[in-house]
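Report on the structure
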Amino acid sequence: MKAVAYKVAGELDRQDALVDVELERPAATGRDILVEVSAVSVNPVDYKVRKGVSAEPGQWKVLGWDAVGRVVEAGENVRSFKPGDRVFYAGSLIRQGANSQYHLVDERLVGHAPKSLSDAEAAALPLTAITAWEMLFDRLDIRKPVAGGARSILIIGGAGGVGSIAIQLVRALTDLTVIATASRPETQAWVRELGAHHVVDHGRPLAEQVEALGIGAPSYVFSTTETHRHLAEIIKLIAPQGRFGLIDDPQSLDVTGFKRKAVSIHWELMFTRSLFETADMDEQGKLLNEVARLVDGGQIRTTVTEVLRPINAANLRQAHAVLESGKARGKIVLERF
């Protein structure tokens, strides 16, 4: 089968950073399903793994943690899917990724793809939707009010992949006021289009801008990027007893400033459930089915902004370069081998 892979971790400018290869088609056993992949999208985790994790000796490493396709085989213990089912999922960080014609994935991580979206449109959603959902509802618990805090959430990096779906989930499922950050005219327009009530510029100090909105101190802050740059401002602007969540990877983070306000701190990694095969691992499949329902009901839209064809090393290199530049808006999707 066709795949895009590499052997040695490194920078994108290397000739062997991502290459087109032929690999043996895997077979489904146990709770795995084998999916014929029709579309994938690219996330920051792809280039982070490519830079830092080499393949096992003599093997190829395949990236890709967003996929849409049809089930072609089901393991003997699979309960929820059968050949022919159209599915979408993000998969597991410790298994081969989905940048291949056929891909094995545990059924508990998989949802039925939205009927109203094309394969490319649906491929933009799984990883970011799971990340945003788990942060909003499992970690920050935004349905539980903060005493005295404004019924609002600040989403830092609102125009990125996770921010783009987080804005929509908050609007669809809560009555919170959404404040999103964006620094360019096109990204500011994008987050407004997705449903942000207010937009502030993360290129300028945030606390003063949020205070100027006149709605009070936000109960929740969700930081998707550059947390280390904004931390002092977040400490200033968040409500006492508020909840702060982040998903990026600052080298160090001095959070002692939160103590005076008794702010709780939450880190989200959507791969935690699959990494440790937690008892609630199937929650990811369930929430993807709920996301599909919201999409088909017109409450959430895809966040795809660019589609590249076909799925090959050249196009994946292009997508990685855009993400590494920090200039991405929404999601880049690749379709068809």
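Predicted model only: the values in this text are computed from it and were never measured.

Calculation criteria
- Residues numbered from 1 in each chain as written.
- Predicted model: local features only at pLDDT ≥ 70, side-chain atom pairs only at ≥ 80, totals over all residues.
- Heavy atoms only, no water.
- Salt bridge = Lys/Arg side-chain N within 4 Å of Asp/Glu carboxyl O.
- Helix = DSSP H or I, 4+ residues; strand = E, 2+ residues; numbered from the N terminus.
- Buried < 20%, exposed > 50% of the residue type's maximum accessible area, 1.4 Å probe, protein only.

1. Considering the pattern of salt bridges
- As enumerated under the stated definition, the model contains 26 salt bridges in all.
- For Lys 51, the salt bridge identified is with Glu 324, shortest N-O distance 3.1 Å. Of this pair, Lys 51 sits in helix α1 (residues 44-52) while Glu 324 sits in helix α10 (residues 313-325), placing them 273 residues apart in sequence.
- The exposure class of Lys 51 is partly exposed, given its relative accessible area of 36%.
- On the basis of relative accessible area, Glu 324 is assigned to the partly exposed category, the value being 27%.
- The residue Glu 233 makes a salt bridge to Lys 236 at a minimum N-O spacing of 3.3 Å. Of the two residues, Glu 233 and Lys 236 both sit in helix α7 (residues 227-237), 3 residues apart, roughly one turn of that helix.
- Judged by its relative accessible area of 57%, Lys 236 falls in the exposed class.
- Where salt bridges share partners, they join Glu 134, Asp 138, Arg 139, Glu 268, Arg 273 and Asp 280 into one cluster.

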